[in-house]
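Structural characterization, general
Listed here are the chains, written in short residue letters.
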Amino acid sequence: MTTNPNQVNKNSAVPSLLQSKQQIERYNLNVDAQAILVAARLMEAGSKLGHAAEIHFSRFGLSTGRYRLLADLEDQEGEALPSQLAEHLGVTRATVTGLIDILERDGLVSRRASLKDGRQKAVVLTELGAKKMRDMAPEHFSRLEAMVSSLSIEERSTFLDLLDRVTNGISALTDESGEAT
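Just so it is clear, the structure is predicted and the values come from calculations on it, not from any experiment.

Right, let's get into the pattern of salt bridges. Enumeration over the complete set of coordinates arrives at nine salt bridges. The salt bridge partner of K131 is D135, with a shortest N-O separation of 2.6 Å. Of the two residues, K131 and D135 are both situated in helix α6 (residues 127-147); the distance of four residues between them amounts to about one turn of the helix. Measuring nitrogen to oxygen at the nearest pair gives 3.1 Å for the salt bridge that ties R165 to D161. Residue R165 and its partner D161 are both found in helix α7 (residues 153-169); the two are separated by four residues, about one turn of the helix. Bridged by salt links that share partners, the residues D101, E104 and R111 form one connected network.

In terms of nonpolar packing, the biggest core is built from 24 residues, with L62, L69, L70, L73 and L85 touching the most fellow members. Those elements that place two or more of their residues in this core are α2 (33-58), α3 (64-75), α4 (82-89), α5 (93-105), β3 (121-125) and α6. Of all the elements, α3 adds the most residues to this core, at five residues. With sequence-adjacent residues up to four places away left out, L73 is seen in contact with G78, E79, A80, L85, V109, V123, V124 and L125.

What counts and how
Residues numbered from 1 in each chain as written. Predicted model: local features only at pLDDT ≥ 70, side-chain atom pairs only at ≥ 80, totals over all residues. Heavy atoms only, no water. Salt bridge = Lys/Arg side-chain N within 4 Å of Asp/Glu carboxyl O. Helix = DSSP H or I, 4+ residues; strand = E, 2+ residues; numbered from the N terminus. Core = buried A, V, L, I, M, F, W, Y, C linked by side-chain atoms within 4.5 Å. Buried < 20%, exposed > 50% of the residue type's maximum accessible area, 1.4 Å probe, protein only. Contact = heavy atoms within 4.5 Å.

Here you go:
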């Protein structure tokens, strides 16, 4: 179903192109209404995707953050320092510590002296954690594939390129200078 971007969208918090134009005129701004519409819809999609991901991972007794930590440990051959995990996941050390505490309580990870530097504590994926990841993989990856199944291979390639470019622009929302780039 194709929607008309000019149509007023009264049932959604996401503006239509017409609403974006009206807001821009109201504030007497010199910005591209279509760019505003794309950004607003992307933010809405991100919110919906985040909510759906939490529902999805809860089926496996995990949160999105706990899954990402387990997957990152797998990628690191089953062991990593908390600081490495925080960097890879783009979160604070405190957030990683909270995730590790819950995963350790559930027996999915353990802490031990680092094999590389015995002064540091490493996080290790337990056999139970590895089993959980293996057991959930078929359903998890099947659902991910289904989520984008309406896109052709070419469309997915284009989407990945566009997503990379938009992701690189996210700093415009967080830049401390107050200047849009």
